[in-house]
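Secondary and tertiary structure notes
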Amino acid sequence: MFSKKISEKRDIWINRYHKPPAGIGSLIKQEIKNKKWWIPVSIKTYERKPNDFNVLAIDSSYQMERLKNGGLFYVVRALGLNGKNEHRELEADFDYTEGSAHEVTSIIQRKMEYLEIKLARKAISDGFNGVVLIDGSLYGRISHLIIESPLSNDREFFIKYYQEVMKLFKLAKENNVLVIGISKESGSKFFRDFLIKQIITLPEVRGEVSDEEAKKLISTSLDRKREAFEYVKQLKLKYSNIGLLEEILKELTTPRPDYQLIEASITEPGYTVPLLLGPSSRWVRRIKQIEMDPIGYLKTQFPILSNNEDFLKYAKVVLNRLKELPAIVSFHVLPDKRDSPLRIDVPAFCIGSSTKFQDVGWPEPIDEDISEVLSIVATGYGGLDYHNIWLWKVDREVKFHRREFDEMYLSKFKELVGVNLNARDYRRVRFV
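Residues numbered from 1 in each chain as written. Predicted model: local features only at pLDDT ≥ 70, side-chain atom pairs only at ≥ 80, totals over all residues. Heavy atoms only, no water.

The next subject is the pattern of salt bridges. Where charged atoms from two side chains of opposite charge come close, those side chains can pair. Applying the stated criterion to the full structure yields 32 salt bridges. The salt bridge partner of Lys 189 is Asp 193, with a shortest N-O separation of 3.9 Å. Residue classification places Asp 193 among the buried residues on the basis of a relative accessible area of 8%. With its nearest N and O atoms 2.9 Å apart, the salt bridge here joins Asp 193 to Arg 192. Through salt bridges with shared partners, one network takes in Glu 91, Lys 111, Asp 154 and Lys 160. (Salt bridge = Lys/Arg side-chain N within 4 Å of Asp/Glu carboxyl O. Buried < 20%, exposed > 50% of the residue type's maximum accessible area, 1.4 Å probe, protein only.)

Following this line, the structure appears as structure tokens:
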């Protein structure tokens, strides 16, 4: 059956994979090759000796099991390697949740991020002063919605999460610690969005539509897609020529990652212009709610915990500090033309900018020196198999194998609570 599907859809899949919607593909490629937005350079120019840097590389992993009574047992661990020095964090818990499988997986992944942040913060508190490398996006870590967790005994998790994020950034800034997030084949599309903003006002793109109306279309498309398509219909009634705006809207509502765009457009090593990133429209709405009425927000988003006055006092203090979050500077690096681009995230203060997260709207260029960041990326690049040698090493060490989870952690948990089952025979779970 799969062979039949391949025969039927081969050309469709190839076309869908490689090409943006007709009409704007060449414009985007032309824009991306503009010397202002793509800086062609041999990344090796920035390469130094690994020992030139004092690097703390951090990664994490997890295992979990849903048990027959509906409970969830999970273990999350994070590891930081700084030469021969090791830093470790571990969280193991048994809890109940009304969340879906997707929500459960998501919250456990947030637990991984939380432990990585906590580990970095504690290492700096203990005197580490160098470069903190985190596997993944920093932007993603400060753009989660602050809502009640689906874990019954850890509902305030996202309040603790943001509290830890702000502690890390505060300490990093005070101690001049460079914090870098590196992602391989990230699903981000901020660079694509930025390029579209650059071409949206070109006469061949907007037709007879005014600049303001064209810009309104891309703003609306971010989180009110149905309204954006209705807006295009109105423009078509108003103007005889709306250029390529309908194709622009189709592109903006297609989750096409930046790395695919770069792979299709760029044939030489280099990096994209560094961009300041701010919150999503949804995040902005939540922040406005928080600023106007933090207690009201908590009562809406934390329906169970908000009955606790102590929680409200504690959470309100954390929420009031969200305005201190720094903007994140993001860009992509293509270290080798045969490889995929790496997404690089750095808090703005690490490269000399005081811009705050909530003060940034659409992605905008930043003119600050990123040579030190490029040196870390270039020195850590280990070829097609190792996008970063420091992160590769810590990933190998922290990886959580199922057998280890079953034999060490789950068996201990069973012993503790008096569960009698074989490691793989969860259907026989019986609590006594």
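Text resumes after the structure shown.
With that settled, consider the packing of helix H6 (residues 190–199) against helix H10 (residues 245–252). Direction vectors running N to C along H6 and H10 enclose 165°, while the axes themselves pass 11 Å from each other. Considering the angle they form, H6 stands roughly antiparallel to H10. Handedness of the H6/H10 crossing: left-handed. Contact residues: H6 offers Arg 192, Asp 193, Ile 196 and Ile 199, while H10 offers Ile 248, Glu 251 and Leu 252. Here the contact of H6 with H10 is composed, by residue class, of four nonpolar, no polar and three charged. (Axes fitted to C-alpha atoms, helices over the stretch in contact; angles between N-to-C directions. Helix = DSSP H or I, 4+ residues; strand = E, 2+ residues; numbered from the N terminus. Parallel < 35°, antiparallel > 145°, perpendicular 65-115°, else oblique. Left-handed = near helix turned anticlockwise from the far one by under 90°. Contact = heavy atoms within 4.5 Å. Nonpolar A, V, L, I, M, F, W, Y, C, P; charged D, E, K, R; others polar.)

The end-to-end C-alpha distance of helix H14 (residues 309–320), which contains twelve residues, comes to 17 Å, matching closely the 16 Å that a straight helix rising 1.5 Å per residue would cover. Among all positions of H14, only Phe 311, Leu 312, Ala 315, Val 318 and Leu 319 are buried. When H14 is viewed along its axis, its buried side chains cluster within an angular range of 130° and face the same direction. Along H14, the residues that are exposed and aim more than 90 degrees away from the buried face are Glu 309, Asp 310, Lys 313 and Val 317. (Expected span 1.5 Å × (residues − 1). Arc of directions from axis to C-beta.)

This paragraph deals with the confidence of the model for the protein chain. Averaged over every residue, the pLDDT of the protein chain is 89; residues scoring 70 or more account for 95%. Contacts from residues 422–432, a stretch scored under 50 in pLDDT, to residues over four places away or in other chains number 27 contacts. (pLDDT = per-residue confidence, 0-100.)

Quick look at the side chain of Arg 141 now. Tracing the backbone through its elements, the reader meets Arg 141 in helix H4 (residues 138–141). Classification of Arg 141 as buried rests on a relative accessible area of 6%. A polar side-chain atom of Arg 141 sits 2.8 Å from the main-chain carbonyl oxygen of Ser 137. (Polar contact = N/O pair within 3.5 Å; in protein donor to acceptor, adjacent residues only side chain to side chain.)

Time to look at the packing of aromatic side chains. Applying the stated criterion across every chain, the model contains 20 aromatic pairs. On the basis of an interplanar angle of 75° and a centroid distance of 6.0 Å, the ring pair of Phe 169 and Phe 349 is categorised as edge-to-face. With a gap of 180 residues between them, Phe 169 in helix H5 (residues 157–174) and Phe 349 in the loop between strand E10 (342–347) and strand E11 (364–365) connect regions that are remote in the sequence. Of the residues examined, Phe 169 reaches a relative accessible area of 7% and is grouped as buried. Judged by its relative accessible area of 16%, Phe 349 falls in the buried class. Where Phe 400 meets Phe 405, the ring centres are 6.1 Å apart and the plane angle is 80°; that geometry is what we call edge-to-face. Across the pair, Phe 405 and Phe 400 agree in class, each one buried. Among the aromatic residues, those joined into a ring-pair cluster are Phe 73, Phe 94, Tyr 96, Phe 400, Phe 405, Tyr 409 and Phe 413. (Phe/Tyr/Trp six-rings, centres within 6.5 Å; stacked < 30°, edge-to-face > 60°.)

Let us look at the environment of Glu 251. Note on placement: Glu 251 falls in helix H10. Residues Glu 251 and Asp 193, spaced 58 residues apart in sequence, show a C-alpha to C-alpha distance of 9.3 Å.

All right, on to unusual backbone geometry then. Positive phi, close to 55°, is recorded for Asn 176, a residue that is not glycine. Within the secondary structure, Asn 176 sits in the loop between H5 and strand E6 (178–184). Overall, the relative accessible area of 67% leaves Asn 176 in the exposed class.

Before going further, it helps to examine the nonpolar core. By size, the foremost hydrophobic cluster in this structure holds 94 residues, and its most contacted members are Val 132 and Leu 325. Val 132 has contacts with Leu 56, Ile 58, Ala 120, Ile 124, Val 177, Leu 178, Val 179 and Ile 180, leaving out every residue within four places of it along the chain. Counting residues in hydrophobic clusters, the runner-up holds 34 residues, among them Ile 43, Leu 133, Ile 182 and Val 346. (Core = buried A, V, L, I, M, F, W, Y, C linked by side-chain atoms within 4.5 Å.)

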